[in-house]
Each structure stands twice: as C-alpha cells, then as structure tokens.
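Examination of the molecular architecture
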Amino acid sequence: MRKPMVAGNWKMNGSSESVKELMAGIKDGMGSVNNAEVVVCPPAVYISRVAGSAADTAIKVGSQNICDEDKGAFTGEISGEMLKDTGCEYAIIGHSERRSLYGESDELVARRFAAARRNGIKPIFCIGETLEEREQGITNDVCARQIDAVIALEGVEALADGVIAYEPVWAIGTGKTATPEQAQEVHAFIRGKISALNADVANGLRILYGGSMNPGNAAELMGQPDIDGGLIGGASLKSEDFLAICTAAG
Ligand code: 13P
C-alpha cells in the first residue's frame with residue numbers, strides 16, 4: 001500500500017507573522033489527519049523557522065527548489081546540504097513555474113533531481129503539459145520526455161527515492177481542475193511507463209496530482225487508483241483547507 005502524501009507549495013507567499021499563524025493552524029488540526037504524510041514547502045527564507053515549528057510534530061518540510069551544484073559561486077542558489085541543514089526532507093523540483101518563467105530545461109531539472117538524491121533529500125518531481133500540448137494530444141509524450149531526462153541521468157531506480165507530482169499547467173492556479181478521469185488517465189500512463197522498466201519501482205512510487213486541488217474535489221481525485229495524494233498551491237495557504245485535503249487523503 002502506498003501511503004498518501006499531501007504537500008503544500010506555499011510559492012512566494014507569506015510573512016513572518018502569517019507563516020507562524022499558518023503553522024499554528026496546521027499543527028492544531030493534525031489530530032484529524034489519519035494516514036497521510038503531510039509536507040509543507042515554504043519560501044526558502046522561512047524554512048528554518050517552519051522546520052523549528054514542525055520539529056515536535058509529524059509535519060515534514062520541503063524546499064521549492066534545490067541547486068544542481070553542491071558548493072561555490074552560484075549566487076542566489078541554495079545547496080542540498082544547506083536545505084538538509086535547515087530541516088528539509090523534501091525538495092520540489094521542476095515545478096512548471098520554474099520551467100516556464102525561469103527557463104529550467106528537462107536536463108537542468110534532472111541535475112537538480114540528482115543533487116537532491118546525493119544530499120539525502122527526497123525530490124517532489126513535477127511534470128505536466130501545457131494547455132496547448134494537451135490540445136495537440138501530446139500530454140503523454142511531454143510527461144514521458146520529462147521523466148526520461150531523469151531516468152537518463154540517474155536510472156529508473158532513482159525514482160524510488162522521491163515522488164512524482166503530475167501538474168497539468170493549465171490547471172495550476174486557474175480553478176480548472178483536471179477531472180478525476182483525466183488525471184487518472186495520465187497517472188496510469190506514468191505508472192505504466194515506469195513499470196515497463198521496473199515494476200517494483202512503479203508499484204511503490206507515489207504519484208501526486210496538483211492543480212487547483214481543494215477540499216471540494218480532493219477526495220474524488222485521490223480516490224482514483226493511481227492518484228496517491230496532492231501537491232497543493234492556493235489551498236495550502238489556509239490551514240482549514242489544507243487540513244481538509246490532508247484528512248481526505250487519509
Ligand atoms: P494551485 O493549487 O494553486 O492550482 O497550485 C498547484 C501547484 O502549482 C502546486 O505546486
């Protein structure tokens with residue numbers, strides 16, 4: 001059985017005060033979360049304090065990116081060792097906002113995946129197609145290409161060290177959620193593709209859905225056989241909504 005996981009991607013939101021309040025709210029409600037692994041991914045400047053706040057709880061902390069290099073003259077980047085040192089267990093890698101707004105290629109994303117692994121951080125590896133790509137009927141090709149970049153660099157077994165998050169770009173922050181059937185179809189494709197290379201890795205791999213997931217649609221999405229949790233943006237900024245999704249996952 002794959003343990004469901006719900007991760008909150010706070011993106012570039014929050015302040016010292018709001019982060020403290022959000023963490024207090026999540027900690028308060030964790031008693032209602034039965035079975036899901038709960039992760040929060042704050043902006044990097046708040047990782048330390050969030051990790052401190054989460055220290056006596058089951059809540060795990062992740063970063064929103066990780067440098068592909070380990071040390072040195074890489075202004076503005078944060079290394080895996082630093083993330084580990086400040087309390088991160090996970091790192092989001094290849095989010096579509098990084099790919100589209102900051103030009104991160106499949107190859108760079110794969111190198112970031114490798115950096116996470118060699119520093120003992122579990123990648124939350126994001127993939128997904130744009131609306132244009134979906135309309136062209138190449139959703140599976142795009143997801144396969146993004147996954148293949150990691151497999152080429154690290155081998156299929158490396159996927160067992162993290163989770164995949166399927167996030168259709170057209171569903172992110174738009175309120176347009178993929179239907180459970182649409183999402184399940186892609187999740188099944190992803191698992192099938194990996195299974196053709198290594199069935200054990202595919203069976204154990206958690207594949208999260210992300211894109212306008214909220215308390216109203218979470219249970220149905222996560223009820224699909226190949227959807228093992230969610231990567232939540234907007235709804236992760238309100239503790240009640242985030243907790244409702246975590247509870248639905250359990
Ligand atoms: P929303 O939940 O705001 O659509 O964002 C999803 C996302 O990008 C999580 O990484």
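Reading the values: the criteria
- Residues numbered from 1 in each chain as written.
- Predicted model: local features only at pLDDT ≥ 70, side-chain atom pairs only at ≥ 80, totals over all residues.
- Heavy atoms only, no water.
- Helix = DSSP H or I, 4+ residues; strand = E, 2+ residues; numbered from the N terminus.
- Buried < 20%, exposed > 50% of the residue type's maximum accessible area, 1.4 Å probe, protein only.
- Contact = heavy atoms within 4.5 Å.
- Expected span 1.5 Å × (residues − 1).
- Near = heavy atom within 4 Å.
- Polar contact = N/O pair within 3.5 Å; in protein donor to acceptor, adjacent residues only side chain to side chain.
- Areas by Shrake-Rupley, 256 points an atom, 1.4 Å probe, with all protein chains shown as cover.
- Nonpolar A, V, L, I, M, F, W, Y, C, P; charged D, E, K, R; others polar.
- Pairing = 2+ DSSP bridges.
- Axes fitted to C-alpha atoms, helices over the stretch in contact; angles between N-to-C directions.
- Salt bridge = Lys/Arg side-chain N within 4 Å of Asp/Glu carboxyl O.

1. Remarks on the side chain of N217
- Among the secondary structure elements, N217 is positioned in the loop between strand 7 (207–210) and helix 10 (218–222).
- For N217, a relative accessible area of 16% puts it in the buried group.
- Not counting the four nearest positions on each side in its chain, N217 is found in contact with T177 and S212.

2. Quick word on helix 8 (residues 180–195)
- With 16 residues, helix 8 ought to run about 22 Å at 1.5 Å a step, and its terminal C-alpha atoms sit 22 Å apart, in line with that.
- Looking only at helix 8, the buried set comprises P180, A183, Q184, V186, H187, I190, R191, K193 and I194.

3. Description of the site of the ligand
- Contacts to the ligand come from N9, K11, H95, E167, A171, I172, G173, G211, S212, L231, G233 and G234.
- Within the side chain of H95, a nitrogen or oxygen atom sits 2.8 Å from an oxygen atom of the ligand.
- Within the backbone of G233, a nitrogen or oxygen atom sits 2.9 Å from an oxygen atom of the ligand.
- The protein chains hide 95% of the 310 Å² of surface that the ligand would expose on its own.
- Among the residues forming the shell around the ligand, the class breakdown is 3 nonpolar, 7 polar and 2 charged.

4. Details of the sheet that holds strand 7
- One closed barrel holds the 8 strands; their spatial order is 1-2-3-4-5-6-7-8, and the pairing between them is parallel. Mean inter-strand twist for the sheet, computed between neighbouring axes without regard to direction, equals 25°.
- When strand 7 meets strand 8 (residues 229–232), the two strands line up parallel, connected through 2 bridges. Of the residues in strand 8, the one forming a bridge with Y209 is G230.

5. Regarding the pattern of salt bridges
- Under the counting rule described, the total for this entry stands at 19 salt bridges.
- The salt bridge partner of E37 is K60, with a shortest N-O separation of 2.8 Å. Within this pair, whereas E37 is found in strand 2 (residues 37–41), its partner K60 is found in strand 3 (residues 60–63), the two being separated by 23 residues in sequence.
- For E37, a relative accessible area of 7% gives the class buried.
- The partner of R117 in a salt bridge is E154, with the nearest N and O atoms 2.7 Å apart. Linking R117 in helix 5 (residues 106–118) with E154 in helix 7 (residues 139–154), this pair joins segments that are 37 residues apart in sequence.
- Within this structure, E37, K60, E89, K122 and R206 form a network of salt bridges that share partners.

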